[in-house]
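Geometric and topological summary
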Amino acid sequence: SSIFSTKEQQINLVNIDDVSYRQQGILQQVLNYGTVRVSTEGDENNPYAFYFVARPQIVTRTINDAMEEATGFAVRYRQHKASIDTDTTLPPPDQF
């Protein structure tokens, strides 16, 4: 690793299993920062850790809200797709 290298890793919101934060000691409490941990499905033993996060409770809540919205959208999409697939009034896709 050097100062001229960059590494990026992305996590899909629907793959997040758990988000939590931790504030240790009075300094982190007073200055309102801490560690945010994100674990993904199948990788709960090696969570992603983000250190020195400002307002970790808000960050955690925001990620949880986004996860719920993304999961709800995915469920609604699957339900909608299933209803279209079973709709006999529509012509088959190969006829479009």
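Conventions we followed
- Residues numbered from 1 in each chain as written.
- Predicted model: local features only at pLDDT ≥ 70, side-chain atom pairs only at ≥ 80, totals over all residues.
- Heavy atoms only, no water.
- Helix = DSSP H or I, 4+ residues; strand = E, 2+ residues; numbered from the N terminus.
- Buried < 20%, exposed > 50% of the residue type's maximum accessible area, 1.4 Å probe, protein only.
- Contact = heavy atoms within 4.5 Å.
- Areas by Shrake-Rupley, 256 points an atom, 1.4 Å probe, with all protein chains shown as cover.
- Core = buried A, V, L, I, M, F, W, Y, C linked by side-chain atoms within 4.5 Å.
- pLDDT = per-residue confidence, 0-100.
- Pairing = 2+ DSSP bridges.
- Axes fitted to C-alpha atoms, helices over the stretch in contact; angles between N-to-C directions.

In this section: the overall build of the chain. Secondary structure assignment for the chain yields two helices and three strands. When the helices and strands of the chain are read in sequence order from the N terminus, they spell out β-α-β-β-α. Expressed as a percentage of the 96 residues in the chain, the buried residues total 18%. Considering only contacts within the chain whose residues lie at least 6 apart along the sequence, 36% involve residues at least 24 apart. For the chain, the exposed surface amounts to about 8000 Å²; the carbon and sulfur share of it is 53%.

Looking now at the nonpolar core. Within the largest apolar cluster, seven residues are counted, these being Ile16, Val19, Val36, Val38, Val53, Ile63 and Met67. Of all the secondary-structure elements, those providing two or more residues to this core are strand E1 (16-22), strand E2 (33-40) and helix H2 (56-85). If we ignore the near neighbours within four places in the chain, the residues touching Ile63 are Ile16 and Val19.

A few words now on the confidence of the model for the chain. Confidence along the chain averages 83 in pLDDT terms, with 81% of residues attaining 70 or more. At the low end of the mean pLDDT range in the chain sits H2, at 81; at the high end sits helix H1 (residues 25-31), at 97.

Here the focus is the sheet that holds E1. With respect to topology, three strands assemble into an open sheet ordered E1-E2-E3, the strand pairing being antiparallel. Two strands close off the open sheet at either side, each with one partner strand: E1 and strand E3 (48-54). Each strand axis lies, on average, 20° off the axis of its neighbour in the sheet, ignoring direction.

The next point concerns the environment of Phe50. In this fold, Phe50 is placed in strand E3. For the pair Phe50 and Val36, spaced 14 residues apart in sequence, the C-alpha to C-alpha distance is 5.1 Å. Ignoring any residue separated from it by four or fewer positions in sequence, one finds Phe50 in contact with Gly34, Thr35, Val36 and Val38.

Our next topic: the side chain of Thr40. Here Thr40 shows up in strand E2. If we ignore the near neighbours within four places in the chain, the residues touching Thr40 are Ile11, Asn15, Ile16, Asp17 and Tyr48.

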